[in-house]
Amino acid sequence: MGLFRSRSDILATKLKVRTRQLETMNRLSQLRDQTSNSQEFLQKAAGFIAQELASRFVAIILKEGEQSVVAASTMPELAQQHNDVLLALANGAIAQGNYVCVNNTRPHQKLRAAGVACALAKPLRFKQQFIGAIVVFRMRRLPFKQRSLHTISTLSEQLPPALDYVKAGENVTQKNKELKIIYEIDKIKEKYGKDTQTLIDALAEQIPKSTSAKSAFVIVTDSKTKTQKFAAAGNASAHKKELTMFADNAIAQGEMVEKDLNVHLKQGVCVPVTIGDDHAAFGMANSSNADGFSEEDKRILTVIARQSDSALFEDREKKKLKDVFSRYVSGEVLELLLKDPERNALRSERHEVSMLFSDLRGFTSLSEKIAPETVVGMLNDYFSVMTDIILKNKGTLDKFVGDEIVAMFGAPVFFEDHAKRAVATAIEMQQAFRALQSKWKRQGLPEVGMGVGIDSGNVVVGNIGGERRMDYTAIGDHVNTAARLCSQAADNQVLMTQNTHDQITKSVTARELAPLQLKGKAHPVKVYNAISIR
């Protein structure tokens, strides 16, 4: 009987611990779903952790490159005052890969000087990498016990994926805003593109509409005539000489330049655009924000500059097309692009396409068990074979993400049968992958599978990115649907939506499956497994 009670007590204790874990996970999930801004989420998470651990002070430390920084804290002034102590604890926990718990700070002069009675740090790990740490201070002598260690362990496991989710949503919001601005710039280019002065006047007026700037300017230098055109918004026209020197400096440096200008213009930001010997500069000044221009303002100015350059320089478009698209399409598709000089293939615009996503099943866990060199070898085999099949079928290679391949059919060159090409490619990829599986098996490597997801419809396609990097890619609901369908596909499956299936009903042999409830979709999505195509 005593033994029975002992086991019951153990089970009851485990149940309580698990219940607390689930409650903690649920609350963190709620914070994640209620927040669209990563900084706001981190701040709320710090407050929640402080509440869970009965501590007034909590700081969340994140790694940025080789440096660690305080991303959020419940007491910012204290965090700033004792930044070195915080980072030392965080880095210590990361180095150990486990807790650092100090329940007696008497031997620790710096902790004692900060008024800390007890300290606890736990590293944050995401996708097999340490990304930061949680640091907790108690200012009164209340030692951290086993329950606190369990709680911070749960929090450290759940916080990184929740933060990644919020950042992904934040990125989508930013992309949507950028796409709206790109659309406005394209309308300006279409309306005023034939007259440079009228065009840059309209572009200068657009900058304050899209950012916090009260003043803006655009300067274009023609290398052939050695002349310069100037456009201004706000009070920028009264400071032409100073702004021209500011623009020349940005062009000389070849990168975004920030500078405190005069008392009227205050802070200035300038983005240069250079194509060959031709130059332009897009600038903004006199922010309406007390703290000056935000990172979002600077990113938007960069988007405006990059989206406007093709209209300003009627140029080397063919060379640009070759430089960009030689990475994504076959030589045959590239030649079709070059035969159409009137078409700006890099411009972001709506296209009807079929999106294809494929990734490997079980590869993440496999990569933890075998040597990195072997992983790279397997990926190179996989990418090489699949890329050849995509390009052969006139698909466009969008990107590689880990072991995932993203491709589109129907852009930059439109094909009426883009859905059929996508499905035919996927089936051929599965056939080729079975040959790869046999090869890897002969080499004694563990078995992995491959799933494919396809959706068709209108998306925004174009050269999208920031100042330092632009990529030809697609954005839209059908991209997301194909990606989520791919994640649901089993090994050797090619899943396609109703949108794709309806375009190729006479050509494909497919089996209708039970509708899937995909993330972000209000209703279940009708799905088919493609078996063969003729």
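Scroll up for the structure.
Below, the structure is looked at part by part. Just so it is clear, the model here is predicted, and its values are computed rather than measured.

**A few points about the overall build of the protein chain**
Counting its regular elements, the protein chain contains 16 helices and 18 strands. Classification of the 534 residues of the protein chain by burial places 49% in the buried group. Put simply, the protein chain shows about 27,000 Å² of open surface, and 49% of that area lies on carbon and sulfur atoms.

**Examining the pattern of salt bridges**
Under the definition given, this model contains 15 salt bridges. Among the ionic pairs, Glu295 bridges to Lys298, the shortest N-O distance being 3.2 Å. Of the two residues, Glu295 and Lys298 both sit in helix α9 (residues 295–312), three residues apart, roughly one turn of that helix. One network of salt bridges, with partners in common, ties together Glu258, Glu295 and Lys298.

**Here we look at the packing of aromatic side chains**
Evaluated as defined, the whole model comprises six aromatic pairs. Ring plane angle 20° and centroid distance 5.0 Å describe the contact between Phe57 and Phe137, whose orientation is recorded as stacked. Of the two residues, Phe57 sits in strand β1 (residues 57–64) while Phe137 sits in strand β5 (residues 129–138), which places them 80 residues apart along the sequence. As far as burial versus exposure is concerned, Phe57 and Phe137 are alike and both buried. Ring geometry for Tyr382 and Phe383: centres 5.3 Å apart, planes at 35°, overall tilted. Exposure class is identical for Tyr382 and Phe383. Each is buried. Site record: aromatic cluster; members linked through ring pairs are Tyr382, Phe383, Phe400, Phe433 and Trp440.

**Some remarks on the nonpolar core**
Soluble globular proteins: nonpolar side chains tend toward being buried together. Of all hydrophobic cores here, the largest spans 38 residues; its most connected members are Tyr382, Met386, Phe433 and Ile454. For this core, the elements supplying multiple residues, two or more each, are β11 (349–361), α12 (363–367), α13 (372–392), β13 (404–409), α14 (418–442), β14 (449–465), β16 (494–497) and β18 (527–533). Apart from residues no more than four positions distant in its own chain, Met386 is found in contact with Ile405, Met429, Ala432, Phe433, Leu436 and Met450.

**Side note on the side chain of Ser456**
Among the structural elements, Ser456 can be located in strand β14. A residue is classified by how much of its surface remains accessible, and Ser456, at 2% relative accessible area, is buried. Among all residues touching Ser456, those that are not within four sequence positions of it are Val353, Ser354, His418, Ala419, His478, Thr497, Asn499, Thr500 and Gln503.

**Some remarks on the sheet that holds strand β3 (residues 100–102)**
Pairing is antiparallel in the open sheet, where five strands are placed in the order β2-β1-β5-β4-β3. Each edge of the sheet is formed by a strand with only one pairing partner; in this case those strands are β2 (67–73) and β3. Shown here is a sheet whose adjacent strand axes are inclined to one another by a mean of 20°, direction ignored. Most of the contacts of helix α2 (residues 38–52) go to β1, to which it runs at about 140°, and overall it touches β1, β2 and β5.

**Topic: the sheet that holds strand β8 (residues 257–260)**
Overall, antiparallel pairing links the five strands, which are arranged β7-β6-β10-β9-β8 in an open sheet. This sheet does not close on itself; its edge strands, each paired only once, are β7 (227–233) and β8. Going across the sheet, the axis of each strand differs from the next one's by a mean of 15°, ignoring polarity. Direction of pairing for strand β6 (residues 213–222) relative to strand β10 (residues 278–287): antiparallel, over a ladder of eight bridges. The residue of β10 that forms the bridge with Val220 is Ala280. The strands that helix α7 (residues 196–210) touches are β6, β7 and β10; relative to β7, the one it contacts most, it runs at about 35°.

**Details of the pairing of β18**
Both β16 and β18 contribute to a ladder of three bridges, which runs antiparallel. Looking at β18, one finds that Leu495 is bridged to Asn529. Relative to β18, strand β17 (residues 508–512) runs antiparallel, the two being bridged by five bridges. From the neighbouring strand, Ala510 faces β18, where its bridge partner is Ala530.

**Details of α14**
A rise of 1.5 Å per residue sets the reference length of α14, with its 25 residues, at 36 Å; its end C-alpha atoms lie 36 Å apart and thus fit the reference within 8%. Of the residues flanking the end of α14, it is Gly444, one or two places downstream, whose phi is positive at about 80°.

**Some points on helix α6 (residues 146–192)**
Between its first and last C-alpha, α6 extends 69 Å over 47 residues, near the 69 Å set by a 1.5 Å rise per residue. Its maximal kink placed at Leu159, α6 deviates by approximately 30°, while the proline Pro160 follows within four residues.

**Observations concerning the packing of α2 against α6**
Viewed as axis vectors pointing N to C, α2 and α6 meet at an angle of 165°, and their least axial separation amounts to 10 Å. Considered as vectors, α2 and α6 are oriented roughly antiparallel to each other. For the crossing formed where α2 meets α6, the hand is right-handed. Residues Ser38, Phe41, Leu42, Ala45, Phe48, Ile49 and Glu52 of α2 touch α6, and the partners they reach there are Thr151, Leu155, Leu159, Ala162, Leu163, Val166, Lys167 and Glu170. Grouping the constituent residues of the contact of α2 with α6 by class yields 10 nonpolar, two polar and three charged.

**As for the state of the cysteines**
Taken as a whole and judged by the stated rule, the model has zero disulfides. Sulfur of Cys101: no disulfide; nearest cysteine sulfur belongs to Cys118 and is 7.7 Å away. Relative accessible area serves as the criterion here: at 36%, Cys101 is assigned to the partly exposed category.

Criteria and cut-off values
- Residues numbered from 1 in each chain as written.
- Predicted model: local features only at pLDDT ≥ 70, side-chain atom pairs only at ≥ 80, totals over all residues.
- Heavy atoms only, no water.
- Helix = DSSP H or I, 4+ residues; strand = E, 2+ residues; numbered from the N terminus.
- Buried < 20%, exposed > 50% of the residue type's maximum accessible area, 1.4 Å probe, protein only.
- Areas by Shrake-Rupley, 256 points an atom, 1.4 Å probe, with all protein chains shown as cover.
- Salt bridge = Lys/Arg side-chain N within 4 Å of Asp/Glu carboxyl O.
- Phe/Tyr/Trp six-rings, centres within 6.5 Å; stacked < 30°, edge-to-face > 60°.
- Core = buried A, V, L, I, M, F, W, Y, C linked by side-chain atoms within 4.5 Å.
- Contact = heavy atoms within 4.5 Å.
- Pairing = 2+ DSSP bridges.
- Axes fitted to C-alpha atoms, helices over the stretch in contact; angles between N-to-C directions.
- Expected span 1.5 Å × (residues − 1).
- Bend = angle between axes of the 7 residues up to and from the residue.
- Parallel < 35°, antiparallel > 145°, perpendicular 65-115°, else oblique.
- Left-handed = near helix turned anticlockwise from the far one by under 90°.
- Nonpolar A, V, L, I, M, F, W, Y, C, P; charged D, E, K, R; others polar.
- Disulfide = S-S within 2.5 Å.

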